[in-house]
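So the chains spell out like this:
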Amino acid sequence: MPLTGKTRVHALIGSPIAQVLAPGWLTERMQKADYDGVLVPLHIEKGNLDSALPALKAMPNIDSILITLPHKFGAVMHCDHLSDRARVLGAINAMRREEDGRWFGDNFDGAGLTAGLKKAGHAIKGKSVFMIGAGGAGSSIGVSMLEEGARHLTFHDINANSQAALLDKLRRAYPGRVSVATTVPPDCDIVVNATSAGLQDSDPLPIDPNQLAPRIVVADVITDPVPTRLLVEAAKIGCPTRDGTHMLDGQIDLLFGFILGKR
């Protein structure tokens, strides 16, 4: 589909931006769907967000803005209303112009992982989840797991401040369904590594494989390498596994729907 003055423009902002894959993937999805649009990567430094976003929002042919680091928290203030999960997290990775001209913000980081699990036939509703990591990815995954009906979420982070902050947020939003622990609970059904442990071969395993059992689904957010050492060890035990590319695929599907105005 040729690029013309009628082409709808969608932006992806972040710093750095050279490593992102979404512009190519999502633009290809638009073309396959016969949608006249393009996703453009824009390098916006952290200190320039409050001047850049109003300028982008003022352009009538820009329909959505996707957000990566370090802008996920700062961009919230530029939305007129938020999804429930974005409100709990205080962070977004996508904002869209609505028909009335207002901007709606949402967060699909964790929803991509839960979508990938469900697509593979792994139910979340009623399950016990253990997660390592309470940073940006972990926070979003925790909310999405609870939104999808997980019976209980137990998590751990080596950063005590991050762990305490997420525990406070989740306990207020989902009372009685969240706790912290350093080991996998005996009744655990799903384990998630939401940390960067596994990017390098020399990284320590985020979870002791001896705590796993064949019935436990093990997921990792890391997209390279695939599979991580954690997933290799889990597979040896007989655990079903899902890697970071499955999370990314799920997130791309959700973002494409969001861009087209579907919630």
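The coordinates are above.
Note that this is a predicted model, so its numbers are computed, not measured.

**Overview of the pattern of salt bridges**
Then comes step 1: Per the stated rule, a full pass over the model turns up 14 salt bridges.
Then comes step 2: Among the ionic pairs, R8 bridges to D63, the shortest N-O distance being 2.7 Å. Taken together, the residues span a long stretch of sequence, with R8 in strand 1 (residues 8-14) and D63 in strand 3 (residues 62-67) at a distance of 55 residues.
Then comes step 3: Here D63 falls in the buried class, since its relative accessible area comes to 19%.
Then comes step 4: The closest approach of N and O atoms between K32 and E28, which form a salt bridge, is 3.3 Å. With a gap of four residues between them, K32 and E28 both fall in helix 1 (residues 22-32), about one helical turn apart.

**Focus: the sheet that holds strand 5 (residues 94-97)**
Then comes step 1: With mixed pairing, six strands are arranged side by side in an open sheet as 2-1-3-5-6-4. Among the strands making up the open sheet, the edge pair consists of strand 2 (37-43) and strand 4 (81-82).
Then comes step 2: As paired elements, strand 3 and strand 5 share three bridges and run antiparallel to each other. Residue pairing across strands places I65 opposite M95, the latter belonging to strand 5.
Then comes step 3: Of the strands in this sheet, strand 1, strand 2 and strand 3 touch helix 1, which is tilted by about 170° from strand 2.

**Topic: the side chain of S140**
Then comes step 1: Here S140 shows up in helix 5 (residues 136-147).
Then comes step 2: Among the polar contacts made by the side chain of S140, one reaches the side chain of N107 at a distance of 2.9 Å.
Then comes step 3: Residues in contact with S140, not counting those within four places in the same chain, are L89, N107, D109 and G110.

The rules behind the values
- Residues numbered from 1 in each chain as written.
- Predicted model: local features only at pLDDT ≥ 70, side-chain atom pairs only at ≥ 80, totals over all residues.
- Heavy atoms only, no water.
- Salt bridge = Lys/Arg side-chain N within 4 Å of Asp/Glu carboxyl O.
- Helix = DSSP H or I, 4+ residues; strand = E, 2+ residues; numbered from the N terminus.
- Buried < 20%, exposed > 50% of the residue type's maximum accessible area, 1.4 Å probe, protein only.
- Pairing = 2+ DSSP bridges.
- Contact = heavy atoms within 4.5 Å.
- Axes fitted to C-alpha atoms, helices over the stretch in contact; angles between N-to-C directions.
- Polar contact = N/O pair within 3.5 Å; in protein donor to acceptor, adjacent residues only side chain to side chain.

Fair warning: the whole summary comes from geometry, so function is off the table for now.
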